[in-house]
Amino acid sequence: MILVTGGAGFIGANFVLDWLRDGDEPVVNVDKLTYAGNAETLAPLANDSRHIFARVDICDRAALDTLFATHRPRAVLHFAAESHVDRSISGPGEFVQTNVVGTFTMLEAARAYWNGLAGGEKEAFRFLHVSTDEVFGSLEATDPAFNERTPYAPNSPYSASKAASDHLVRAYFHTYGLPVLTTNCSNNYGPYQFPEKLIPLTIINALAGKALPVYGDGKNVRDWLYVGDHCAAIRTVLQKGALGETYNIGGWNEKANIDVVHTLCATLDELRPSSSGAPYAKQIEFVKDRPGHDRRYAIDATRIERELGWRPAETFETGMRKTVRWYLENSEWIAGVTSGNYRHWMETHYAGQA
Ligand code: NAD
Ligand code: TYD
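Residues numbered from 1 in each chain as written. Chains lettered and ligands numbered in written order. Predicted model: local features only at pLDDT ≥ 70, side-chain atom pairs only at ≥ 80, totals over all residues. Heavy atoms only, no water.

## Things to note about the overall build of the protein chain
To keep it simple, the criterion reads: A helix here means a DSSP run of H or I that spans at least four residues, while a strand means a run of E at least two residues long, and both kinds are numbered starting from the N terminus. A radius of gyration in this sense is built from C-alpha atoms; the matching globule rule multiplies 2.2 Å by the number of residues raised to 0.38. In what follows, residue pairs with any heavy atoms lying within 4.5 Å of each other are defined as contacts. Accessibility throughout is a Shrake-Rupley quantity obtained with a 1.4 Å probe, and a residue counts as covered only by protein chains that appear here. By the counting rule applied here, Lys and Arg register as positive and Asp and Glu as negative, while His and the ends of each chain are not counted. We put the charge of a Lys on NZ, of an Arg on CZ, of an Asp on CG and of a Glu on CD.
Counting its secondary structure elements, the protein chain contains 13 helices and 12 strands. Against the globule reference of 20 Å for 354 residues, the protein chain gives a C-alpha radius of gyration of 20 Å, in line with a compact fold. Of the contacts made within the protein chain by residues no fewer than 6 positions apart, 82% connect residues no fewer than 24 positions apart. When the accessible surface of the protein chain is split by element, carbon and sulfur atoms take 51% of a total near 14700 Å². Of the charged side chains in the protein chain, 34 are positive and 42 negative; the average position of the first set lies 1 Å away from that of the second.

Structure below.
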């Protein structure tokens, strides 16, 4: 049995679905179901006895203790977090609560459980913490990419809260010997991503005939990785990673935002031309920049390839095409997540920004 936190969110749900597609080891899925968690994504597992869903807040120590005692996991995969930079700017409190206090609570519950294990079970236990490249701060155009020795320099409340959680995970290894692993990954894209993030937002707005908002000059650069590749990398680190170490995960795909949006528009022009026949790129609008917007992220993923043998399987072109197709074929899932809370965010965050 493995214990996954945040398994109703974008990456966690992809991880759980892939895990149960490829094997039979059961999963206890711990998720509070915030606005970003979506039970609909897990519907294919509704009658699957290998999947146990627990609606629990990772800040609730008593509930976590019960879950550990009941299910006796051999590993924890910790995905749960508040993950959207723009929301961390308008409301940072939740980020400190879930990402810092929540990770601390997970570490404490895992430590107590692990202390009670013996022999082989204790030796085999792992706590894998899923983190981001944003903890390293912002790069200039000619700087080398982030590697595992790059100093932390987080700039947003989101990245600062993730950096704090990474430090706690590190400290639990050095102080208590808890067998931890940390991964720092670049921007993910793919099926089931909540459409507040750039790629699904662009696809959904394009199809709805709405503006495609690009912050600032559109030249901010991100490295993009297909979510299935991220999940495969996490499985590799869980299996072969060295205790207490961190692994950078990336797609070797640095792109300026405006180029990402143009690629999406061109793919949609081909797969689902607009009813007017106008190219979707006509809907692009440059809007007010995000405060403190990091200019460039880039990942040097040499270590995980050299030491653990992982490399992404998808190119940017194949991953983007799969992703656009998925959103075109899953309009019911989109309708389910783009109601209520989502509409409110879109109306308030983008109001008067053009
Ligand atoms: P997401 O926002 O889509 O999902 C987060 C999930 O965590 C949701 O299901 C939510 O309900 C759950 N959650 C939030 N607060 C919780 C709490 N207090 N208790 C229990 N569950 C709670 O996020 P994501 O994009 O899937 O990211 C998953 C992890 O990967 C995060 O730790 C994030 O920092 C990291 N990460 C994300 C990216 C990316 O591009 N999305 C890149 C690198 C790393
Ligand atoms: P996002 O998907 O929010 O991820 P992150 O901020 O964690 O990298 O944004 C990716 C990039 O796209 C980032 O540079 C901000 C930019 N962006 C826009 O230009 N317009 C938008 O509407 C959004 C949501 C993001």
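## With respect to the side chain of histidine 349
Selection criterion: For the purposes of these results, a polar contact is taken to be a pair of N or O atoms within 3.5 Å, where, inside protein, one atom must be able to donate a hydrogen and its partner to accept one; residues adjacent in sequence count only when each atom of the pair is a side-chain atom.
When you line up the elements, histidine 349 lands in helix H13 (residues 340-349). For histidine 349, the side chain forms a polar contact with the side chain of tyrosine 215, separated by 2.9 Å. With residues up to four places along the chain from it excluded, the contact list for histidine 349 reads Asp86 and Tyr215.

## What about the site of ligand 2?
The condition is simple: We call a residue near a molecule or strand as soon as one heavy atom of that residue lies within 4 Å of the molecule or strand. Side-chain classes follow a simple rule in which Ala, Val, Leu, Ile, Met, Phe, Trp, Tyr, Cys and Pro form the nonpolar group, Asp, Glu, Lys and Arg form the charged group, and the remainder, Gly included, forms the polar group.
Taken together, 16 residues form the shell around ligand 2, and within it Glu134, Tyr215, Arg290, His293 and Tyr350 come nearest. One of the backbone nitrogen or oxygen atoms of leucine 198 is found 3.0 Å away from an oxygen atom of ligand 2. At a separation of 2.8 Å, an oxygen atom of ligand 2 approaches a polar backbone atom of tyrosine 215. Protein contacts shield 97% of the accessible area of ligand 2, which totals 510 Å² for the unbound molecule. It is strand E8 (residues 212-215) that provides the largest number of residues to the shell around ligand 2, a total of three residues. Tallied by class, the residues present in the shell around ligand 2 amount to six nonpolar, five polar and five charged.

## Points about the sheet that holds strand E7 (residues 187-189)
Strands belonging to one sheet form pairs held by backbone hydrogen bonds; the direction of such a pair is parallel or antiparallel. Note the following rule: Between any two strands, at least two bridges found by DSSP are needed for them to pair. To obtain an axis, a line is fitted to C-alpha atoms, over the contacting stretch when the element is a helix, and the angle between two such axes runs from 0 to 180 degrees between their N-to-C directions.
Strand order in this open sheet of three strands is E7-E9-E11, and the pairing throughout is mixed. Among the strands making up the open sheet, the edge pair consists of E7 and strand E11 (254-256). For this sheet the average axis-to-axis angle between neighbouring strands, irrespective of direction, equals 50°. Pairing geometry for strand E9 (residues 221-226) and E11, over three bridges, is antiparallel. The partner of valine 221 across the bridge, within E11, is alanine 256. Packed onto the sheet, helix H8 (residues 227-240) meets E7 and E9 and runs at close to 75° relative to E9.

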